[in-house]
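# Residue-level structural notes
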Amino acid sequence: MPAIASTAQSPSTDMAVRHDWKRSEIDSLFALPFNDLIFQAAALHRAHFDPNAVQVSTLLSIKTGACPEDCKYCSQSGHYNTELEKEKLLEVSRVVEEAKAARQNGASRFCMGAAWRSPRDKDMPYVLDMIRQVKDLGMETCMTLGMLDEGQAGALAEAGLDYYNHNLDTSPEYYGQVITTRTYNDRLSTLANVRDAGMKVCCGGIVGMGEERNDRVGLLQQLANLPHHPESVPINMLVKIEGTPLADVDDLDPFEFVRTVAVARILMPQSYVRLSAGRQEMNDEAQALCFMAGANSIFYGERLLTTDNPEANHDQRLFKRLGIHPLDPRHEASDEAHEEAIQAQVSEQQAEEAGLFYNALDSKRAAKHVLDKDTGRPTATEH
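Note that the structure is a prediction, hence the values are computed from the model and not measured.

We now examine the overall build of the protein chain. Looking only at helices and strands, one finds 12 helices and 14 strands in the protein chain. Counting over 383 residues, the protein chain shows a buried share of 53%. Residue pairs at least 24 apart in sequence account for 73% of intrachain contacts in the protein chain once pairs closer than 6 positions are excluded.

To continue, consider the nonpolar core. Membership of the largest hydrophobic core comes to 92 residues, with the highest contact counts inside it found for Met143, Leu156 and Phe257. One finds Cys142, Tyr163, Cys202 and Phe299 within the second-largest nonpolar core, a separate group that totals six residues.

How two aromatic rings sit relative to each other is set out by the distance from centre to centre and by the angle between their planes. Across all of its chains, the model carries four aromatic pairs by this definition. Ring geometry for Phe34 versus Phe255: centroids 5.3 Å apart, planes at 80°, classification edge-to-face. In this pair, Phe34 sits in helix 2 (residues 34–48) while Phe255 sits in helix 9 (residues 254–267), placing the two residues 221 residues apart along the sequence. Taking the relative accessible area as the measure of exposure, Phe255 reaches 47% and is therefore partly exposed. Aromatic side chains Tyr175 and Tyr184 sit 5.2 Å apart centroid to centroid with 85° between the ring planes, which places their arrangement in the edge-to-face category. On the basis of relative accessible area, Tyr175 is assigned to the buried category, the value being 4%. Just above the ring of Trp21 sits the side chain of Arg18; from NZ or CZ to the centre is 4.0 Å. Between the NZ or CZ atom of Arg109 and the centre of the ring of Tyr163, over which it lies, the distance is 3.7 Å.

The next point concerns the environment of Val134. With respect to the helices, strands and loops of the structure, Val134 is situated in helix 4 (residues 124–135). Between the C-alpha atoms of Val134 and Arg109, which are 25 residues apart in sequence, the distance is 9.5 Å. Residues in contact with Val134, not counting those within four places in the same chain, are Val95, Ala99, Phe110, Met112, Met139 and Thr141.

What follows concerns the environment of Met209. Tracing the chain through its elements places Met209 in the loop between strand 6 (205–207) and helix 8 (213–224). The spatial distance from the C-alpha of Met209 to the C-alpha of Tyr174 is 9.8 Å, given a sequence separation of 35 residues. The residues contacting Met209, other than those within four sequence positions of it, are Tyr73, Asp169, Thr170, Tyr174, Val178, Leu238, Leu246 and Val249.

In total, this model carries 18 salt bridges according to the counting rule given. Across the pair Glu173 and Arg23 runs a salt bridge, and its minimum N-O distance is 2.9 Å. Note that Glu173 is positioned in helix 6 (residues 172–175) and Arg23 in helix 1 (residues 23–30), a separation of 150 residues in sequence. For the salt bridge of Glu256 with Arg216, the shortest nitrogen-to-oxygen distance reads 3.1 Å. In this pair, Glu256 sits in helix 9 while Arg216 sits in helix 8, placing the two residues 40 residues apart along the sequence. By relative accessible area, which is 8% here, Glu256 ends up buried. Take Arg216: its relative accessible area is 7%, and that puts it in the buried class. One network of salt bridges, with partners in common, ties together Glu211, Arg213, Arg216 and Glu256.

Right, let's get into helix 8. With 12 residues, helix 8 extends 16 Å from end C-alpha to end C-alpha; this agrees with the ideal 16 Å at 1.5 Å per step. Taken together, the buried positions of helix 8 are occupied by Asp215, Arg216, Val217, Gly218, Leu219, Leu220, Gln221, Leu223 and Ala224. Tucked into the core, helix 8 has its buried residues touching helix 1, helix 6, helix 7 (184–196), strand 6, strand 7 (232–237) and helix 9.

Here we take up the packing of helix 1 against helix 8. Running from N to C, helix 1 and helix 8 cross one another at 120°; their axes reach a closest spacing of 10 Å. If you check the angle between helix 1 and helix 8, you find them oblique. Where helix 1 crosses over helix 8, the handedness of that crossing is right-handed. Residue-level inspection shows Arg23, Ile26, Asp27 and Phe30 of helix 1 in contact with helix 8, the latter providing Arg213, Asn214, Arg216, Val217, Gly218, Leu220 and Gln221. Residue composition of the contact of helix 1 with helix 8, by class: four nonpolar, three polar and four charged.

What follows concerns the pairing of strand 1 (residues 53–63). The side chains of a regular strand alternate between both faces of the sheet. Counting buried residues in strand 1 gives 11 out of 11 residues, a clear majority hidden from the surface. As judged from the six bridges shared by strand 1 and strand 2 (residues 109–114), these two strands associate in the parallel manner. Across the sheet, Leu59 pairs through a bridge with Cys111, a residue of strand 2.

The next thing to look at is the state of the cysteines. Here a disulfide denotes one covalent bond, and it connects the sulfur atoms of two cysteines. If you walk through the whole model with that rule in mind, you get zero disulfides. The thiol sulfur of Cys142 is not disulfide-bonded, and the nearest other cysteine sulfur, from Cys111, lies at 4.0 Å.

All right, on to the pairing of strand 2 then. Extensive coverage of strand 2 is indicated by the burial of six of its six residues. On strand 2, burial covers both faces: Arg109, Cys111 and Gly113 on one face and Phe110, Met112 and Ala114 on the other are all buried. Pairing geometry for strand 2 and strand 3 (residues 140–144), over five bridges, is parallel. Bridging from a neighbouring strand, Phe110 pairs with Thr141 of strand 3.

Rules used in this analysis
Residues numbered from 1 in each chain as written. Predicted model: local features only at pLDDT ≥ 70, side-chain atom pairs only at ≥ 80, totals over all residues. Heavy atoms only, no water. Helix = DSSP H or I, 4+ residues; strand = E, 2+ residues; numbered from the N terminus. Buried < 20%, exposed > 50% of the residue type's maximum accessible area, 1.4 Å probe, protein only. Contact = heavy atoms within 4.5 Å. Core = buried A, V, L, I, M, F, W, Y, C linked by side-chain atoms within 4.5 Å. Phe/Tyr/Trp six-rings, centres within 6.5 Å; stacked < 30°, edge-to-face > 60°. Lys NZ or Arg CZ within 6 Å of the ring centre and 35° of its normal. Salt bridge = Lys/Arg side-chain N within 4 Å of Asp/Glu carboxyl O. Expected span 1.5 Å × (residues − 1). Axes fitted to C-alpha atoms, helices over the stretch in contact; angles between N-to-C directions. Parallel < 35°, antiparallel > 145°, perpendicular 65-115°, else oblique. Left-handed = near helix turned anticlockwise from the far one by under 90°. Nonpolar A, V, L, I, M, F, W, Y, C, P; charged D, E, K, R; others polar. Pairing = 2+ DSSP bridges. Disulfide = S-S within 2.5 Å.

What follows is the structure, given as structure tokens:
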């Protein structure tokens, strides 16, 4: 499939995944007629994913406010007066209850975010316990805690963290207009530490911060030319918050946002492209265009850290109108998890046969992994 095709010819969907995109190629994709761009993105999306399945995540702020970074879009920065009160790290039990509620509402991944420059040693035991207990619910886990060194990344991976989120935010050229307290290379180093520890990467950016199209091109080039594409690529629309330096920037054209989603899908055809912050300001038609352009992941729930998000019931209604269904996480389980579930089931059966378990039907027991008859993948059932 030619990356710079200008007509709606049927694109090839067997193009090799690339990590050597040139800015001129990405510029040409953005410049395509809108219908041609959406057509190419949708074709690649269908080649790699069920086009009507959307991965659903829920995001919880586990520690809010007083962040020492000066990100000009963020209500949690201690540099700006946004009337956001500082909160302590949530108790593990509270986080687990929130995860249970998210699972009940259809989320398959639970994301936890803390307003830190980087995790503190005294907080790490609580963070690691959160990961373990949320995973025991049968959910995927994701965290965003700021910068990580090798040891911190290794500890999170050992606890079982599936994804780590650390966005690049914008292009290298525009980055200094948005953040001065950490460098672009700081962010790339954290991503490398996450990848080296064996975790999956969630990394994207924010558009509508006053940047030019060339900066959106630069952001996507950075993401697409990483040694491994992020498994999850959140595309955020700026949520303008009173008290932050970006509160009065001009709105981004919604079609430009859809173009950004479509180009992300073409550059990273095997990644989940997520609609993240800013959906509250999008109408249903704009979101439908994003799904058509290759977005296949959303944050679900009424809050994203400190900003509003469409209510869960509204998303359910929109999914129904569009014929979209939440992705079944069992289809995404790793081979390792599959083998672990098989072994756990065999071991449990052997123990029951040996009389080691009391198996009364009315007894309450912890969640155990079983294999789904249809998918052959692990799920969790509570007794």
